[in-house]
Amino acid sequence: MFKNIQYISQGTTQKEQLYHIESVLGAGIEWIQYRFKNADQILLYNTAEKVKQLCDGYKATLIINDHPELVQKVDANGVHLGLQDMAISDAKELLPNKIIGGTANTIADVAQRIAENCDYIGLGPLRFTTTKQKLSPTLGIEGYKAIIRLVKSQGNTIPIVAIGGITLADLPLLKQVQVDGIAISSLLYHAEQPQQILQHIKQHFL
């Protein structure tokens, strides 16, 4: 089931990953996108197993970033794929009945993702963020407004999730341009009291 507040994990060690994932789950997050860049296959898999146990314990949705084969191994709820990753059609064939999300950076990317019939689109980045390497050009609020206006005018209903450097001040603006959800990382990762941050977010995105 789609959730409109999503947490993208970060951390350079298993301990960091698990600490912050459990922290945000405890604060009330119901959707985890497990993203562990630069981890070797053994560490990636071992950590994913532990993340799955945490998500099961909190009855949260677990999406694996970039690695569809890992979805099979740990029985996660789905996968999120970048534009250079496995094709959405191949992922759907490999992972029937799983959630398949796709990244988009431009209106052409959005059109591609709609044509591919993915379950939701992660559109961004809103602004510069240090969380992601090889960052695409930023969209800004006006960029979201233009893209979402066009998508909705064509009758498309696929959920569009904003991502990339989102701050609390952006929430009412993103809601105003009719973004369906937000994916956040550093906003919760660096929070001393993630539950308070999440309660603030829920005032705009429930």
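Anything mentioned here points back to the structure above.
For the structure given in this document, a descriptive report is provided here.

What counts, and where the lines are drawn
- Residues numbered from 1 in each chain as written.
- Predicted model: local features only at pLDDT ≥ 70, side-chain atom pairs only at ≥ 80, totals over all residues.
- Heavy atoms only, no water.
- Core = buried A, V, L, I, M, F, W, Y, C linked by side-chain atoms within 4.5 Å.
- Buried < 20%, exposed > 50% of the residue type's maximum accessible area, 1.4 Å probe, protein only.
- Contact = heavy atoms within 4.5 Å.
- Helix = DSSP H or I, 4+ residues; strand = E, 2+ residues; numbered from the N terminus.
- Pairing = 2+ DSSP bridges.
- Phe/Tyr/Trp six-rings, centres within 6.5 Å; stacked < 30°, edge-to-face > 60°.
- Lys NZ or Arg CZ within 6 Å of the ring centre and 35° of its normal.

1. A look at the nonpolar core
Ranked by internal contacts, the top residues of the largest apolar core, which has 59 residues, are Ile32, Tyr34, Leu123, Tyr144, Leu174 and Ile182. If we ignore the near neighbours within four places in the chain, the residues touching Ile32 are Tyr7, Ile21, Val24, Leu25, Val51, Cys55, Thr61, Leu62 and Ile63. Within the second largest apolar cluster, seven residues are counted, among which are Trp31, Ile99, Val161 and Ala183.

2. Regarding the side chain of Asn4
Structurally, Asn4 can be placed in the segment before β1 (5-8). In contact with Asn4, not counting residues within four places along its chain, are Asp180, Gly181, Ile182, Phe205 and Leu206.

3. Topic: the pairing of strand β5 (residues 99-104)
Most of β5 sits inside the fold, with six of its six residues counted as buried. Across the two faces of β5 the burial is the same, with Ile99, Gly101 and Thr103 and Ile100, Gly102 and Ala104 all buried. In this structure, strand β4 (residues 78-81) lies alongside β5, joined through four bridges in parallel fashion. Bridge assignment links Gly78 to a residue of β5, and that residue is Ile99. As paired strands, β5 and strand β6 (residues 120-123) are joined by four bridges and run parallel to one another. Among the inter-strand pairings, Gly102 is bridged to a residue of β6, identified as Ile121.

4. Re the packing of aromatic side chains
Within the structure shown, the criterion is met by four aromatic pairs. Ring geometry for Phe2 and Trp31: centres 6.0 Å apart, planes at 70°, overall edge-to-face. Residue Phe2 is located in the segment before β1, and its partner Trp31 is located in strand β2 (residues 31-34); the two are separated by 29 residues in the primary sequence. Accessibility expressed as a relative area gives 29% for Phe2, which makes it partly exposed. On the accessibility criterion, Trp31 (0% relative accessible area) is buried. Consider the rings of Trp31 and Tyr120, whose centres lie 5.5 Å apart with planes at 85°: the pair is edge-to-face. In this pair, Trp31 is assigned in strand β2 and Tyr120 in strand β6, connecting sequence segments 89 residues apart. Classification of Tyr120 by relative accessible area gives buried; the value is 1%. What links up through ring pairs into an aromatic cluster is the set Phe2, Trp31 and Tyr120. Lys73 extends its terminal NZ or CZ atom over the ring of Tyr45, reaching a point 5.8 Å from the ring centre.

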